[in-house]
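Chain residues, written in single-letter form:
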Amino acid sequence: MPKELVTPQGRRIAYHLTDGTGPAVVFLGGFKSDMGGTKAVFLEEWARAQGRAFLRFDYSGHGESSEAFTDGAIGDWFEDACAAIGLLAGKVVLVGSSMGGWISLLIARAMPERVAGLVTIAAAPDFTEDSMWAGFSDAQKDELMAGQLALPSEYGAPYIITRRLIEEGRTRLVLRDPLPLPFPVRFLQGTADADVDMSVALRLLDHATGPEMRLTLVKGADHRFSDETCLNLIIAAVADVLGQVGEHPPYD
């Protein structure tokens, strides 16, 4: 059973925390995903085998946490992530998948002193504006501005996109202003990703600044990035970052 924390905003966030050596690795999932996904669980098993502290959690409106998905927006999920990181002492290595990549960049911008390193997997910064809103027809925009819009999803039930998700997302954009990442960074991206185009990863690499930043493109990999090869690449990227930032004593 997961544990639960209450955020300063009153939302109940479900999480699993594995004790071990720091910096802790924190997994940030994607849009409508949950902490029981393949990548999160695989990383947790690896961290446990390494004696590494590891945290995975569900944003509000996701998985086992409180609230309705349609009530949430990027800022809420960023606040949830900050509250979850508050469970940990010292610096962390963030591993952000898809929307979690955007959230991890927001964390890095807001509290760079807490971040030892960053790994993103098919990061989707600013997707509410550059992918959703920019791709909507005039009719879809009108429907959205009236309240919400249903989008088909190959992952299951349609995505319900709310006006608040789009409008609040505009206050959280990271590709329009300077984005310093003053720690080791590894971006991972599949060339066959139908949800986040490879151009997004190239734009992020070009836009962000930092002393040690690399992008790995995996030919043929899709958005899930969850086959054995991709999972091992994630582990290799996390281990690479950890190897550069060193280790700290185990958490109590």
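**Topic: the packing of aromatic side chains**
Applying the stated criterion across every chain yields a total of 8 aromatic pairs. Here the aromatic rings of phenylalanine 31 and tyrosine 159 are separated by 5.3 Å at their centres, their planes lie at 85°, and the arrangement is edge-to-face. Taken as a pair, phenylalanine 31 in the loop between strand E3 (21-28) and helix H1 (38-50) and tyrosine 159 in strand E8 (residues 156-162) lie far apart in primary sequence, 128 residues in all. Both residues of the pair, phenylalanine 31 and tyrosine 159, belong to the buried class. Grouped by ring-pair contacts, the aromatic residues Phe31, Phe57, Tyr59, Phe69, Trp77, Trp102, Phe127 and Tyr159 constitute a single cluster. One cation-aromatic arrangement involves lysine 32 over phenylalanine 69; the distance from NZ or CZ to the ring centre is 5.1 Å. A cation over an aromatic ring shows up here: arginine 170 above the ring of tryptophan 133, its NZ or CZ 4.8 Å from the ring centre.

**Thoughts on the pairing of E3**
Residues in a regular strand point their side chains to alternate faces of the sheet. Most of E3 sits out of view: 8 of its 8 residues are buried. The parallel pair E3 and strand E4 (residues 52-57) is bridged by H1, and the resulting crossover is right-handed. Where E3 lies against strand E5 (residues 92-97), 5 bridges are found, and the strand directions are parallel. Paired with alanine 24 across the two strands is valine 92, which belongs to E5.

**Describing the environment of threonine 171**
Take threonine 171: it is sitting in the loop between helix H6 (163-169) and strand E9 (185-190). A relative accessible area of 54% places threonine 171 in the exposed class. Between the alpha carbons of threonine 171 and valine 245 there is a distance of 32 Å; along the sequence they are 74 residues apart. A distance of 2.6 Å separates a polar side-chain atom of threonine 171 from the backbone oxygen of glutamate 168.

**Quick word on the packing of helix H2 (residues 74-85) against helix H3 (residues 99-110)**
Running from N to C, H2 and H3 point in directions that differ by 65°, and their axes come no closer than 10 Å. One way to sum up the angle between H2 and H3 is to call them roughly perpendicular. Pair H2 / H3 crosses with right-handed handedness. For the pair formed by H2 and H3, the contact residues are Ile74, Trp77, Phe78, Ala81, Cys82 and Ile85 on the first element and Met99, Trp102, Ile103, Leu106, Ile107 and Ala110 on the second. Of the residues in the contact of H2 with H3, the class split is 12 nonpolar, no polar and no charged.

Cut-offs used in this document
- Residues numbered from 1 in each chain as written.
- Predicted model: local features only at pLDDT ≥ 70, side-chain atom pairs only at ≥ 80, totals over all residues.
- Heavy atoms only, no water.
- Phe/Tyr/Trp six-rings, centres within 6.5 Å; stacked < 30°, edge-to-face > 60°.
- Helix = DSSP H or I, 4+ residues; strand = E, 2+ residues; numbered from the N terminus.
- Buried < 20%, exposed > 50% of the residue type's maximum accessible area, 1.4 Å probe, protein only.
- Lys NZ or Arg CZ within 6 Å of the ring centre and 35° of its normal.
- Right-handed = clockwise from strand over helix to strand, strands pointing away.
- Pairing = 2+ DSSP bridges.
- Polar contact = N/O pair within 3.5 Å; in protein donor to acceptor, adjacent residues only side chain to side chain.
- Axes fitted to C-alpha atoms, helices over the stretch in contact; angles between N-to-C directions.
- Parallel < 35°, antiparallel > 145°, perpendicular 65-115°, else oblique.
- Left-handed = near helix turned anticlockwise from the far one by under 90°.
- Contact = heavy atoms within 4.5 Å.
- Nonpolar A, V, L, I, M, F, W, Y, C, P; charged D, E, K, R; others polar.

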